[in-house]
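# Observations on the three-dimensional arrangement
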Amino acid sequence: MFGSLGTTEIIFILVIALIIFGPRKLPQLGRTIGESLAQFRRASEDFKRSWEQEITMEEKRLQSSASPASPRGAVSTEPSVTPTPAVHTETEEDPRFSA
């Protein structure tokens, strides 16, 4: 939970905080820190959610612009044609093959 901090380091930090802030302020400080962390977590989740919504909307926009504008369920009457690559034949007239 605390990463690379061991038990003795955590106890040492708590003792120093108790000495600096005192027994009356420490619970109030802990509550304030906890509320701040909860608020930060909510804000980051909200940002993540809105980011994912924007990505989804952008993907839908790209898909709709890539596909032809035809009504749903309509069947295209044009035949689908797959382009064939141009084939270059080697001839004696080609300067690349002349000596």
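One structure accompanies this document, and this report is about it. Keep in mind the model is a prediction, meaning the values are calculated, not measured.

Definitions and cut-offs
- Numbering of residues starts from 1 in each chain and follows the order in which that chain's sequence is written.
- Since the coordinates come from a predicted model, pLDDT governs what is reported: local features require at least 70, and pairs of side-chain atoms require 80 or more to be given and counted, while whole-chain, interface and lining totals use all residues.
- As a rule here, side-chain values come from all non-hydrogen atoms in the structure, and water together with hydrogens is ignored.
- Numbering of helices and strands runs from the N terminus, with a helix taken as a DSSP run of H or I at least four residues long and a strand as a DSSP run of E at least two residues long.
- Residue exposure (1.4 Å probe, protein chains only): buried if accessible area is under 20% of the type maximum, exposed if over 50%, otherwise partly exposed.
- Accessible areas in this description were obtained via Shrake-Rupley with a 1.4 Å probe; residue shielding takes into account the shown protein chains only.
- Like-charged residues are merged into a patch within 9 Å and nonpolar side chains (Val, Leu, Ile, Met, Phe, Trp, Tyr) within 5 Å, provided each residue has over 30% relative accessible area and no salt bridge.
- Salt bridge, as used here, is a side-chain nitrogen of Lys or Arg placed within 4 Å of a carboxyl oxygen of Asp or Glu.
- Multiply 1.5 Å by the residue count of a helix minus one, and that product is the helix's expected span.
- The term bend refers to the angle at a residue between two fitted axes, each drawn through seven residues, those ending there and those starting there.

The subject of this paragraph is the overall build of the protein chain. Tallying secondary structure elements over the protein chain gives one helix and zero strands in all. The buried share among the 99 residues of the protein chain stands at 3%. Element-wise, carbon and sulfur atoms account for 61% of the exposed surface of the protein chain, whose accessible area totals about 10,000 Å².

Okay, a nonpolar patch on the surface next. Together, Leu5, Ile11, Phe12, Ile13, Val15, Ile16, Ile19, Ile20 and Phe21 make up a nonpolar patch on the protein surface, roughly 870 Å² of accessible area in all. Inspection of the secondary structure assignment puts Ile13 in helix H1 (residues 7-66). The exposure class assigned to Ile13 is partly exposed, which follows from its relative accessible area of 47%.

On to the pattern of salt bridges, then. All told, the structure shown has two salt bridges when counted by the stated rule. Measuring nitrogen to oxygen at the nearest pair gives 2.5 Å for the salt bridge that ties Arg61 to Glu58. Of this pair, Arg61 and Glu58 are both found in helix H1, three residues apart, which corresponds to roughly one turn of the helix. What makes Arg61 partly exposed here is its relative accessible area of 45%. For Glu58, a relative accessible area of 35% puts it in the partly exposed group.

Helix length check: H1, at 60 residues, gives a terminal C-alpha distance of 57 Å against a target of 88 Å (1.5 Å per residue), a shortfall beyond 12%. The sharpest bend along H1 measures roughly 105° and falls at Gly22, with the proline Pro23 sitting one to four residues further on.

Everything listed is a geometric property; what it means functionally is a separate question.
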